[in-house]
Amino acid sequence: MAANSAPDEHFEAADFDEEAEDEQMVSTNSGRKRLFSKELRCMMFGFGDDKNPYTETVDLLEDLVIEYIAETTHRAMEIGRTGRVQVEDIIFLVRKDQRKYARVKDLLTMNEELKKARKAFDEIKYVGNEGKSK
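Residues numbered from 1 in each chain as written. Predicted model: local features only at pLDDT ≥ 70, side-chain atom pairs only at ≥ 80, totals over all residues. Heavy atoms only, no water.

This part covers the packing of helix H3 (residues 55-78) against helix H4 (residues 87-94). Interaxial distance between H3 and H4 falls to 9 Å at its minimum, and their mutual angle equals 110°. Our classification of the angle between H3 and H4 gives roughly perpendicular. Considering how the two elements wind past one another, H3 and H4 form a crossing that is right-handed. Between H3 and H4, the contacting residues are Thr-72, Arg-75 and Ala-76 on the first element and Asp-89, Ile-90 and Leu-93 on the second. Considering only residue class, the contact of H3 with H4 consists of three nonpolar, one polar and two charged. (Axes fitted to C-alpha atoms, helices over the stretch in contact; angles between N-to-C directions. Helix = DSSP H or I, 4+ residues; strand = E, 2+ residues; numbered from the N terminus. Parallel < 35°, antiparallel > 145°, perpendicular 65-115°, else oblique. Left-handed = near helix turned anticlockwise from the far one by under 90°. Contact = heavy atoms within 4.5 Å. Nonpolar A, V, L, I, M, F, W, Y, C, P; charged D, E, K, R; others polar.)

Structure follows, in structure tokens:
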């Protein structure tokens, strides 16, 4: 029984921390603004859940995601330039988790490719508009 009481104490402490954050967020029926509900529902469906998962499940998953993002951001702020989060800090934090590291690298590569494509598209559009004005 002692092993079961330890997680309960952890949840109580986590609930206390959430109450302080709830005051800063815009209220909804559930007491806090849900930022990722739509995306999480789609992801859950994509991973085999029901098309309309229980709201409680989505809310719990969103709480976990927000907690992870907050913890990672705080850790990243302590690395490198204190008080600032940079891409290199995130890479440093996930370097030992091969899946996360690979995903971060993929997203950064895709971001660079999109920037290049937008720049090329804007240059073509600019050249096309300049030719018409002459």
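Now that the structure has been shown, the text picks up again.
Let's shift gears to the environment of Gly-80. Considering the arrangement of structural elements, one finds Gly-80 in the loop between H3 and H4. Along the chain, Gly-80 and Phe-92 lie 12 residues apart, while their C-alpha atoms are 9.8 Å from each other.

To continue, consider the pattern of salt bridges. Across all of its chains, the model carries five salt bridges by this definition. Where Asp-59 meets Arg-34, a salt bridge forms, and the shortest distance between an N and an O atom there is 3.4 Å. Placement of the pair is Asp-59 in helix H3 and Arg-34 in the loop between helix H1 (2-22) and helix H2 (37-46), with a sequence separation of 25 residues. Between Lys-100 and Asp-97 there is a salt bridge, with its nearest N and O atoms 3.7 Å apart. Because the salt bridges share partners, they merge into one network encompassing Arg-34, Asp-59, Glu-62 and Asp-63. (Salt bridge = Lys/Arg side-chain N within 4 Å of Asp/Glu carboxyl O.)

It is worth spelling out the side chain of Asp-89 at this point. With respect to the helices and strands, Asp-89 occurs in helix H4. Of the side chains bearing the opposite charge, Arg-84 lies closest to the buried Asp-89, which forms no salt bridge; the N-O distance is 8.1 Å. (Buried < 20%, exposed > 50% of the residue type's maximum accessible area, 1.4 Å probe, protein only. Lys, Arg positive; Asp, Glu negative; His and termini not counted.)

Turning to the confidence of the model for the protein chain, a few remarks are in order. Chain-level statistics for the protein chain give a pLDDT mean of 79 and a share of 72% at 70 or above. Here residues 1-28 scores under 50 on pLDDT; set against residues more than four positions off or in separate chains, the count is nine contacts. (pLDDT = per-residue confidence, 0-100.)

This brings us to the environment of Leu-40. Relative to the assigned elements, Leu-40 resides in helix H2. Take Leu-40: its relative accessible area is 6%, and that puts it in the buried class. Between the C-alpha atom of Leu-40 and that of Leu-61, which follows or precedes it by 21 residues, the distance is 7.7 Å. Ignoring any residue separated from it by four or fewer positions in sequence, one finds Leu-40 in contact with Val-58, Leu-61, Glu-62 and Val-65.

Counting across every chain of the model gives zero aromatic pairs. The cationic tip of Arg-95 hangs over the ring face of Phe-92; the distance from NZ or CZ to the ring centre is 3.8 Å. (Phe/Tyr/Trp six-rings, centres within 6.5 Å; stacked < 30°, edge-to-face > 60°. Lys NZ or Arg CZ within 6 Å of the ring centre and 35° of its normal.)

On to the packing of H2 against H3, then. Across the interface, H2 lies against H3 with an axial gap of 10 Å and an inter-helix angle of 110°. Relative to H3, the element H2 lies roughly perpendicular. Between H2, through Ser-37, Leu-40, Arg-41 and Met-44, and H3, the contact on the second element is made entirely by Thr-55, Thr-57, Val-58, Leu-61, Glu-62 and Val-65. The residue makeup of the contact of H2 with H3, split by class, is five nonpolar, three polar and two charged.

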